[in-house]
Amino acid sequence: METGSVFRMKLRPLALSLFLSLAAVVISLAGEPKLEPLFNGKDLTNFKAEKSKEFWRVEDGVLIGENNAEKKGDYLWTEKEYKDFVIEFDVRWKGVTERGVDTGVEMRKPNIQCQLGVSGSLKVDMSGSWYTGGKDKYPEAGQAKEAKTLMKPEGEWNHFRIQAKGDTFTCWINGKKASEYTDAKFAGPAPLGLQIHPGVVMKCEYRNIKIAEL
C-alpha cells in the first residue's frame, strides 16, 4: 500500500472525530438561549423604580437592595412580564443580625419565589429552594437540600441560574443543579421581583443580571 493511501486512511477517522466534536459544539450553542442584560450596571432601567428608589440603588455596577429605618419591605419589579425564561446573576449578602438576610426572585402568577437567604417562616437558610406560599410553603420536592455544599461562604459572590419553563422551575447554584420543582398552578406571566423582606435588617447585592425568554 502506498504511503499516501495509508495517510489518508488515518486522516479519515481524525477528520470524522473533529467533525462530530464541532457538530456537538454547534448543537450545544444553538440550544443555549441568548442572554441579554436586564440590569445595565448604571441605573434602574428595565425596572419599575419609582416606588423602590428608597430601597434600591446602584453603586460601582452593583444593584444594592437595603431596607429602611422602619424595616419596611419592597419588591423591585421588572417593567416587562415573563412566562418562560432563564435568568442568571451574581448575588451576595452578609447578615448583621441573627435573623439573617431574606431575599429572593419572585415570578409567575400566582407568585412563586426562588428563595435566597434565610426563610422567615423556617428560620433556616433555604437558598435555591422554591417558596409557594401554600400550606407547605417550601414543598420538599422543591428544596435545594445540598445548597450549602454548592455555595461559597456568606459575603462572597455566588452565581445563580433560574429557569421557568412550562410547569417546571429549576435553580442552579455556581453551575450545579440545586433544585427542580414542577407545579402547573403557577402558569401566568408576570413581572420578576427582587425582594427585600419586611421586618428584617438586611442588605443584598446583585450584579451581571441577564435574561432570555424561552
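Anything mentioned here points back to the structure above.
Report on the accompanying structure. Fair warning: this is a prediction, and the values are worked out from it, not measured in the lab.

**Brief notes about the overall build of the protein chain**
Assigned secondary structure in the protein chain consists of 2 helices and 13 strands. A buried classification covers 41% of the 214 residues belonging to the protein chain. Within the protein chain, residue pairs in contact and separated by at least 24 positions form 63% of the contacts whose partners lie at least 6 positions apart. Summed over all atoms, the accessible surface of the protein chain reaches about 11900 Å², with 54% contributed by carbon and sulfur.

**Looking at the layout of surface pockets**
In this structure, the largest pocket encloses a volume near 320 Å³. Every residue lining the largest pocket is counted, 24 residues in all, and those nearest its centre are Trp93, Asp125, Ser127, Lys148 and Met151. It is strand 5 (residues 85-93) that contributes the most residues to the lining of the largest pocket, 3 residues altogether. Residue classes in the lining of the largest pocket are distributed as 9 nonpolar, 8 polar and 7 charged.

**A word on empty space enclosed by the protein**
Scanning the entire structure with this criterion turns up 1 cavity of 30 Å³ or more. Around the largest cavity, the lining residues are Leu38, Phe47, Thr78, Ile87, Val105, Leu192, Gly193, Leu194 and Ile209. Top element by residues in the lining of the largest cavity is strand 12 (residues 190-196). It accounts for 3 residues. Residue composition of the lining of the largest cavity, grouped by class: 7 nonpolar, 2 polar and no charged.

**Focus on the pairing of strand 13 (residues 203-213)**
Direction of pairing for strand 1 (residues 36-37) relative to strand 13: antiparallel, over a ladder of 2 bridges. Opposite Glu36, over in strand 13, you have Ile211 as the bridge partner. Examined bridge by bridge, strand 3 (residues 62-66) and strand 13 share 4 bridges and lie antiparallel to one another. Each bridged residue has a counterpart across the sheet, and for Gly65 the counterpart in strand 13 is Cys204. As defined by bridge partners, strand 5 adjoins strand 13 across 8 bridges and the pair is classed as antiparallel. Among the inter-strand pairings, Arg92 is bridged to a residue of strand 13, identified as Glu205.

**Some words on the environment of Gly41**
Relative to the assigned elements, Gly41 resides in the loop between strand 1 and strand 2 (56-59). Sequence spacing of Gly41 and Leu63 is 22 residues, and the spatial spacing of their C-alpha atoms is 7.2 Å.

**Describing the sheet that holds strand 8 (residues 130-131)**
Taken in spatial order, the 5 strands of this open sheet run 4-12-6-7-8, and their pairing is antiparallel. Each end of this open sheet is capped by a strand with a single partner; those strands are strand 4 (74-82) and strand 8. In terms of strand pairing, strand 6 (residues 102-107) meets strand 12 through 2 bridges, oriented antiparallel. Counted as the bridge partner of Glu106 is Gly193 from strand 12.

Quick notes on the rules
Residues numbered from 1 in each chain as written. Predicted model: local features only at pLDDT ≥ 70, side-chain atom pairs only at ≥ 80, totals over all residues. Heavy atoms only, no water. Helix = DSSP H or I, 4+ residues; strand = E, 2+ residues; numbered from the N terminus. Buried < 20%, exposed > 50% of the residue type's maximum accessible area, 1.4 Å probe, protein only. Contact = heavy atoms within 4.5 Å. Areas by Shrake-Rupley, 256 points an atom, 1.4 Å probe, with all protein chains shown as cover. 1 Å grid on protein atoms, 1.4 Å probe; cavity = no way out; pocket = protein on both sides within 12 Å on 5 of 7 lines; lining within 4 Å. Points joined across faces, edges and corners; volume = space filled by probe spheres on them. Nonpolar A, V, L, I, M, F, W, Y, C, P; charged D, E, K, R; others polar. Pairing = 2+ DSSP bridges.

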